[in-house]
Amino acid sequence: MNKPVDVDVDHAAPVAAPDTALPENTSAAPPSAGPAYVVLGGISFSHFLNDTMQSLIPSVYPILKANYALDFGQIGMITLAFQFTASLLQPVVGHMTDKKAQPFSLAIGMGSTFLGLLLLSVAHSYAVILVAAAMIGLGSAVFHPESARIARLASGGRHGMAQSVFQVGGNAGTALGPVLAALIVVPFGQPSIAWFSSIAFVAILVLWRIGMWYKPQVAGKKRMVVSPHPHAPGRRRVMVALVVLVALLFSKQLYLSSLSSYYTFYLIGKFHVSTQTAQMFLFIFLAATAAGVFFGGPLGDRFGRRYVIWFSILGILPFTLALPYAGLYASAVLTVFIGFILASATPAIIVFAQELMPHRFGMISGVFFGFAFGIGGLGAAALGEVADHYGIDFVYQVCSFLPALGLLAVLLPKMPRHAH
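Residues numbered from 1 in each chain as written. Predicted model: local features only at pLDDT ≥ 70, side-chain atom pairs only at ≥ 80, totals over all residues. Heavy atoms only, no water.

**Comments concerning the packing of aromatic side chains**
One pair of aromatic rings is described through two measures. These are the centre distance and the angle between the planes.
Here comes step 1: One pass over the full model with this rule turns up 14 aromatic pairs.
Here comes step 2: Between Phe72 and Tyr262, the ring centres sit 6.2 Å apart and the planes meet at 75°, which makes this aromatic pair edge-to-face. A residue pair is termed long-range when its members are at least 10 positions apart, and Phe72 in helix α3 (residues 72-99) and Tyr262 in helix α8 (residues 235-271) qualify at 190 residues.
Here comes step 3: Owing to a relative accessible area of 17%, Phe72 belongs among the buried residues under this scheme.
Here comes step 4: For Tyr262, a relative accessible area of 1% puts it in the buried group.
Here comes step 5: Members of the aromatic cluster, joined through ring pairs, are Tyr263, Tyr266, Phe271 and Tyr396.
Here comes step 6: The residue whose ring lies beneath Arg302 is Phe303, and the NZ or CZ to ring-centre distance is 5.1 Å.
Here comes step 7: Sitting above the plane of the Tyr307 ring, Arg306 keeps its charged end 5.8 Å from the centroid. (Phe/Tyr/Trp six-rings, centres within 6.5 Å; stacked < 30°, edge-to-face > 60°. Helix = DSSP H or I, 4+ residues; strand = E, 2+ residues; numbered from the N terminus. Buried < 20%, exposed > 50% of the residue type's maximum accessible area, 1.4 Å probe, protein only. Lys NZ or Arg CZ within 6 Å of the ring centre and 35° of its normal.)

Structural data, given as C-alpha cells:
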C-alpha cells in the first residue's frame, strides 16, 4: 500500500511557488498515516447540518413570496443577501487563517447561523428577512475555508477523497432542506423555522469538539520553505489555470442557482403541481448532486482532475438543452443526470486550485467557496429579474447553454508526476 508508484500526470501533488513559506496550519498528516476518518466524518456531518439550515432559505421562498407579496426580483435579492455576504467574507477569513489557525472559529461562526434562523422565524418585514439571510451567510463564510483545511489535514494524503467526503455532507444537507421545509415549514408556517435552531446548536457542539482535535495539530508547527517541482507550471500558467477554474465554476454555479432557486416555481407554473410536490422534485435533483460530489473526488484521485472536470461540465450539455422541452417526469430524470454529473466537478475544481497554490490554501479555499456563493447570489438576483420580464421558461432556455463553457478546460495545465 505504501510503496512508491507512478501515477497519471493529473494526479497533482501540492506545488509551491519558489521559496514560498507554507503556513503552519496547511501541514497535513503523511499519507502513510492514513485518513482520520472520525474527523472527516465529524466535519462532513457539520457541513451537513450547516447546509441543511442554509437550504431552508430557498425552500421557504414560496411561503415568503405568498406572505409578503414578493416578486421574483425580491426573491433573488434574498438569495443575494445570503450568498453575497458569504462570498465577500470567505476569502478574508481564509487569508486570516492562513496566517494563524483559529480552531474554535467554526463553532463561533455557527452562532451567527443560530441567531439568523431565530430572526428569520420572527421576521415580519422584507428588510428583516434580508438581515436574517445575511447573518446565515456570515456563518457560512466562517465555516467553509477553515473546515476545508481541516478536511485536508485529516485526509492522510487522499485529498480528493477527503474533499468529496466534506462536500457530500453539505450537498446531502442541501438536499434534505426542501424535504424538511415540505414536512415542517409548509404545514406549520414561518415560525417553525425556529425549530431548526436546535440543529445549529448541535453543530456548535460538534465543531467545538473538532476544534479541540484541531488545536494540537497546528500548535507549535514551524513554517517551512518548499522548493518548487521542476516540472510545475509557471506563475503565468498558474494564473491562467485559476482564471479557467473560476470560469468553469461560474458556469456550474449559475446553472445550479437557476435550479435551486427557481425550479419549484418552474414546476408549479408549467405543470401546476403543489408546492410540496415541487419541493420533492427539488429534493430529487439535490440528492443527485450529493451523490455526484461523493464520487467526483475519488475519481479525480484515480484518473486525474482535468478529466473529471471535462466530463462533468461538458457532459451535462445534452441534458440541459433537453430540459426546457421535457415533461414533468422526464424533467425529474434529466435533473438527476444533470445534478449527478455536474456536481462531480466540485471537489475536482477546488482541489485542483488548492494544488496550484498550496501556500495560500485558506485564501484559495475562501475565494472558490466564496465565488461559488457569490455567483449563486448574483445569478439568482439576475435570473429573477429575467424571469419577471420574460418568464421562467426563458431562463432555462438561456441557462441550458452554460455548460458549453466547459470547453475552457483544455487550457488547464498538466500537473507534474509525483510518488505517493
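**Considerations on the environment of Arg237**
Here comes step 1: Among the structural elements, Arg237 can be located in helix α8.
Here comes step 2: Overall, Arg237 belongs to the partly exposed group, its relative accessible area being 41%.
Here comes step 3: Expressed as a C-alpha distance, the spacing of Arg237 and Leu411, which sit 174 residues apart in the sequence, is 9.0 Å.
Here comes step 4: The contact partners of Arg237, leaving out residues within four places of it in the chain, are Leu411, Leu412 and Pro413. (Contact = heavy atoms within 4.5 Å.)

On their own, these measurements won't tell you what the molecule is for.
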